[in-house]
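Examining the three-dimensional arrangement
Here is what each chain is made of, one letter per residue.
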Amino acid sequence: MTSQTDVFQARTTLDAGGSTYRMYSLKALERAGVGDVASLPFSLKVLLENQLRYLDLGKAGESDVRAVASWDPKATPDREIGFSVARVLLQDFTGVPAVVDLAAMRDALASMGGDPNKINPVQPADLVIDHSVQVDEYGKEAAFLINVEREYERNEERYQFLRWGQKAFENFRVVPPGTGICHQVNLEYLAKSVMVGEADGEKVAYPDTLVGTDSHTPMVNALGVVGWGVGGIEAEAAMLGQPISMLIPEVVGFEMTGKLPAGTTATDLVLTVVNILRKKGVVGKFVEFYGDGLSQLSVADRATISNMAPEYGATIGFFPVDDKTLEYMRFTGRPDETVELVEKYTKAQGLFRVDSTPSPRFSDTVKLDLSTVEPSLAGPKRPQDKITLSKAKQAWAETHKTLEPADAESPKKVPVSYDGANFDLQSGDVVIAAITSCTNTSNPTVMIAAGLVAKKAHEKGLTRKPWVKSSLAPGSMVVTNYLADADLTRYLDALGFNLVGYGCTTCIGNSGPLPDPISKAINENKLVATSVLSGNRNFEGRISPDVRANYLASPPLVVAYSIAGTMNFDITTEPLGKDKDGNDVFLKDIWPTAEEVAATVKKSVRSEMFRKEYSNVFHGDDKWRALPTPTGGTFDWKDASTYIRLPTFFTDMGPEPAPVEDIAGARCLAKLGDSVTTDHISPAGSIAKNSPAARYLMEHGVEPKDFNSYGSRRGNHEVMVRGTFANIRLRNLLVPGSEGGVTKYIPNGETMSIYDAAMKYAEENTPLVVLAGKEYGSGSSRDWAAKGTRLLGIRAVIAESYERIHRSNLIGMGVMPLQFKAGENIESLGLTGEETFDLTNIAGTLKPGQEVKVVAKGEGGSKEFTAIARLDTPNEVEYYRHGGILQYVLRQLAAS
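Before going into details, it helps to say that this report is about the structure given with it.

How each quantity is defined
Residues numbered from 1 in each chain as written. Predicted model: local features only at pLDDT ≥ 70, side-chain atom pairs only at ≥ 80, totals over all residues. Heavy atoms only, no water. Core = buried A, V, L, I, M, F, W, Y, C linked by side-chain atoms within 4.5 Å. Buried < 20%, exposed > 50% of the residue type's maximum accessible area, 1.4 Å probe, protein only. Helix = DSSP H or I, 4+ residues; strand = E, 2+ residues; numbered from the N terminus. Contact = heavy atoms within 4.5 Å. Salt bridge = Lys/Arg side-chain N within 4 Å of Asp/Glu carboxyl O. Phe/Tyr/Trp six-rings, centres within 6.5 Å; stacked < 30°, edge-to-face > 60°. Expected span 1.5 Å × (residues − 1). Arc of directions from axis to C-beta. Pairing = 2+ DSSP bridges. Axes fitted to C-alpha atoms, helices over the stretch in contact; angles between N-to-C directions. 1 Å grid on protein atoms, 1.4 Å probe; cavity = no way out; pocket = protein on both sides within 12 Å on 5 of 7 lines; lining within 4 Å. Points joined across faces, edges and corners; volume = space filled by probe spheres on them. Nonpolar A, V, L, I, M, F, W, Y, C, P; charged D, E, K, R; others polar.

Some words on the nonpolar core
Counting residues in each nonpolar core, the largest one holds 302 residues, and the members touching the most others are Tyr312 and Tyr776. When residues in this core are grouped by element, the largest group, eleven residues, is from helix α4 (residues 92–111). Those residues within four positions of Tyr312 in sequence are excluded, and the remaining contacts are Val273, Val274, Leu277, Arg278, Val282, Val287, Phe289, Ile305, Ser306 and Gly317. Listed in part, the five residues of the second largest apolar core include Val135, Ala143, Ala473 and Val500.

Things to note about the pattern of salt bridges
All told, the structure shown has 59 salt bridges when counted by the stated rule. For the salt bridge of Lys612 with Glu613, the shortest nitrogen-to-oxygen distance reads 3.2 Å. Judged by its relative accessible area of 14%, Glu613 is buried. Each member of the salt-bridge network shares a partner with another, and the members are Arg11, Arg22, Asp56, Asp200 and Glu202.

Here we look at the packing of aromatic side chains
Given two aromatic rings, their pairing is described by the distance between the two centres and the angle made by the two planes. If you walk through the whole model with that rule in mind, you get 22 aromatic pairs. Measuring from centroid to centroid gives 5.3 Å for Phe83 and Trp228, while their planes differ by 20°, and the two rings are stacked. Of the two residues, Phe83 is situated in strand β3 (residues 80–83) and Trp228 in strand β10 (residues 226–229); the sequence distance between them amounts to 145 residues. Take Phe83 and Trp228: they sit in the same class, and that class is buried.

Side note on helix α12 (residues 336–349)
Taking 1.5 Å of rise per residue, 14 residues should cover 20 Å, and α12 covers 20 Å from first to last C-alpha, within 8% of that figure. Of all the residues in α12, the buried ones are Thr338, Val339, Leu341, Val342, Tyr345, Thr346 and Gln349. For α12, the angular spread of buried residues about the axis comes to 155°, placing them on one side. Directly after α12, the chain includes Gly350, whose backbone phi takes a positive value near 70°.

Points about unusual backbone geometry
Gly379 connects to Pro380 through a cis peptide bond whose omega is 15°. Of note, Pro380 is situated in the loop between β16 (376–378) and β17 (386–388). The phi angle at Ser193 is positive, at roughly 70°, despite the residue not being glycine. Along the chain, Ser193 falls in the loop between α6 (182–190) and β7 (194–199). The exposure class assigned to Ser193 is buried, which follows from its relative accessible area of 4%. Phi at Lys526 is positive, roughly 55°, even though this residue is not glycine. Along the chain, Lys526 turns up in the loop between α18 (516–524) and β22 (529–533). Residue Lys526 is classed as exposed on the basis of its relative accessible area of 66%.

Considerations on the sheet that holds strand β5 (residues 125–128)
If you trace the five strands from one edge of the open sheet to the other, you get β6-β5-β4-β9-β10, paired in parallel fashion. One side of each edge strand has no neighbouring strand; the edge strands of this open sheet are β6 (172–175) and β10. Strand-to-strand twist in this sheet, taken as the mean axis angle between neighbours without regard to direction, amounts to 20°. One ladder, built from four bridges, connects β5 with β6; its direction is parallel. Looking across to β6, one finds that Asp126 is bridged to Arg173. Along the sheet face, helix α5 (residues 143–168) touches β5 and β6 and points at about 145° away from the line of β6.

Some details on the pairing of strand β19 (residues 421–425)
Strand direction decides the pairing type here: strand β18 (residues 414–418) and β19, joined by five bridges, are antiparallel. Looking across to β19, one finds that Val416 is bridged to Phe423. Hairpin connection, β18 to β19: the antiparallel pair is bridged by two residues, and Asp419 has positive phi, about 50°.

Re the environment of Tyr888
With respect to the helices and strands, Tyr888 occurs in helix α31 (residues 885–895). For Tyr888, a relative accessible area of 16% translates into the label buried. Taking the C-alpha atoms as reference points, Tyr888 and Pro657, 231 residues apart in sequence, are found 8.6 Å from one another. In this structure, Tyr888 is in contact with Gln242, Glu878, Tyr879 and His882, ignoring residues within four places of it in sequence.

Focus: helix α27 (residues 754–763)
Every buried residue belonging to α27 is among Ile754, Tyr755, Ala757, Ala758 and Tyr761, and all of these are buried. The buried residues of α27 occupy one face: seen down the axis, they fall within an arc of 165°. The inward-facing, buried residues of α27 contact β26 (663–671), α25 (692–699), α26 (717–723), β27 (742–745), β28 (750–753) and β29 (768–771). At the exit of α27 stands Asn765, carrying a positive phi of roughly 55°.

Here's the deal with empty space enclosed by the protein
It is a probe the size of a water molecule, rolled over the atoms, that shows where empty space is left. Counted under the stated rule, the structure contains eight cavities of 30 Å³ or more. If you go around the largest cavity, you meet 24 residues; those closest to its centre are His131, Asp214, Ile508, Arg542 and Ser780. Elements that contribute at least two residues to the lining of the largest cavity include exactly α4 and α6. Tallied by class, the residues present in the lining of the largest cavity amount to eight nonpolar, eleven polar and five charged. Empty space within the second largest cavity amounts to approximately 150 Å³. In terms of lining, the second largest cavity is formed by 17 residues, of which the most central are Pro310, Gly779, Glu803, Arg804 and Ile805. Among the residues forming the lining of the second largest cavity, the class breakdown is five nonpolar, ten polar and two charged.

Things to note about the side chain of Lys787
Mapping Lys787 onto the fold places it in helix α28 (residues 783–791). When near neighbours in sequence (up to four residues on either side) are disregarded, Lys787 contacts Pro97, Asp101, Ile233, Glu236, Phe649 and Met813.

Points about the side chain of Thr209
One can find Thr209 in strand β9 (residues 209–212). Sequence-distant contacts of Thr209, that is, excluding residues within four places in its chain, are made with Val46, Phe83, Ser84, Val85, Ala86, Arg87, Val225 and Val226.

And the structure:
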């Protein structure tokens, strides 16, 4: 890159680690009188440096710098900037379709007469394969090897494709299977906190920033790194050098004071934070933590909180760099010169926090005294629904009444024989107990605590209940190292928490099948089975198709509930069982003290473990290295493939977009309520045997045992469009009382699958809309929730409110997100969903926030209302006008 004029005289140098770096001084802006930079939130200082540096590189404007520097904390966000990230993080479920799109863009650019090799990541991109391992086998020593073998059997074609991408694309690296979860690998190894680049032959130091194709990307905010989750569509554009279009956000300050009391964990803290911030309302906002309580939290504790930013709705959950950050970076094996650079750079830029640092200016604040945190769960279907542990039994009883009212007072008991044991199964029994997800497995304190609970329980003669499917899926191999060093592995194994894989498992629906006798007992008797997992997501239909109530908990509580085996139980007062002498054993008898946990962590979690495990992080095992790898700059698509297919998004795409048109005569494909998640829209779990996706696979010779998951099939648009709105817990109000991916085909009133109805409408050239309530598209940053929407023929969604990522993804696929005006919704307007819809004021001059006239014509006459086009920035208008963000980028590259 070549520098432009140093407008604010901000270019200066910094000596650190034996090198000299150029940097762009924020203090120079203060001296220039641009704004009160010193009192800005730390996260906004990072955005400000980004604008200042890209101004000097000719990719941002002077007004952008002034806009961030003069940020008004009380103003409604209305100023757009382009945020150019330093790098991109992908996981394989979202990364495979991203690489498929890049490969398809190469083909499209070649067909437009351009050079396909222009399609190449400009910003470094790391893809971590972590979403494909499933818990097929559990509770035995060989579980890990068996699950890995099945993973390769199912995913060999996908992995070959990724190996091709690693060779075909520059600036693209792949972390092979069996290494860890992308966010934990990012936290422990990939993140630098301060990056080093090059301009004019000089080294340039600047803040580490990123976007990732997983909504839990904010986990790295714990290291002072500004980054958040986006859909694969937006991430691809970022990889290709496009800035992330955003409004300068509101920043909510979250003050922490005090210290966590004995008996509580970082999991209890984060569930408390999620509950507080969901009530506060922080969707689309930055949350920044401050206060002297931060000094009581390790980086691992902070990462637990940052990880769940999507659950509390924020874009990021940011912790500034401080001494704890430097300590963590040294401990996890970052080179000394890197840590020295981080310290000197952040201190020079006013980005380093100490307890005496004055509180920044914030848009709003909340406060938590850490000493008030209590042991907690969250459930049965939303992470924000915190339940104090002492009230968990009572809360389950209330949930049971809503899910199974006829059986709640006198639960049915179903006799089951399995694995040499005979027992009765009833509603409320815990059939899955999983230590899973980067949220908690990145935190040695809670993992060691789980091992100590297992040790104490085993020594007292306690075992898990025979109906519990238990599993341990750490986020990195470092975890198994320190559990083994602490001599805790054998106790976890004794309770059935054998290693099942390194990756996201139960938390994303890769829990694997329940044993047949247990699954049969649940489904034939309509029992409401439960799960307890140390994850971040517990949405309906996500964890297992056999489980209807799911509870988030700390790893040690997961172990305890595997012993209890039921939610019909007060785990704080009732005995878990009897010891070898016949004495009652309570939770307090097997719960380790904070001192025990700390001593074990200090002894067994060591720096050399991180250095060893990450020394060959891109190397892979023998299976990975032996995979045959396609070659060539463009991909050789196979017509017979059921995993990787050339998508249709760029078919017959011209050099100029077609004129934007109004939408006339649209039909409603789905009428939905509040809190419809991307899981509801685009499932990640198992493919139901009677679904359109299953029908397609069987027509192509795939047997049900080889269906794999929706997530693993995201490289095949034919599977994914059939899986859109196919969640078994979706409730489409066009078919009252229904559950699953069905709708009413309005012209004749027939009930059919959503996919089949969409295809019938497509044959008639009938455009489609979706009607929805609040928080539409919450949950994972799932690009296929938008891609599938587009491929079904849905032209617009009309909802009361949107979660940030899904709204952006819809625009990125050329689907119009419309929002009812305040005080209006489906019910107040009397919309049945059986009307035809005309949407006007779209054609012609389209601008951010434009009002769109909607006329709904039904048997009782017409209803007219005005909705707001949630195209919030000029860039978003351009993306919509081009039919999507990738189409926009492709046309720019073709013209260059």
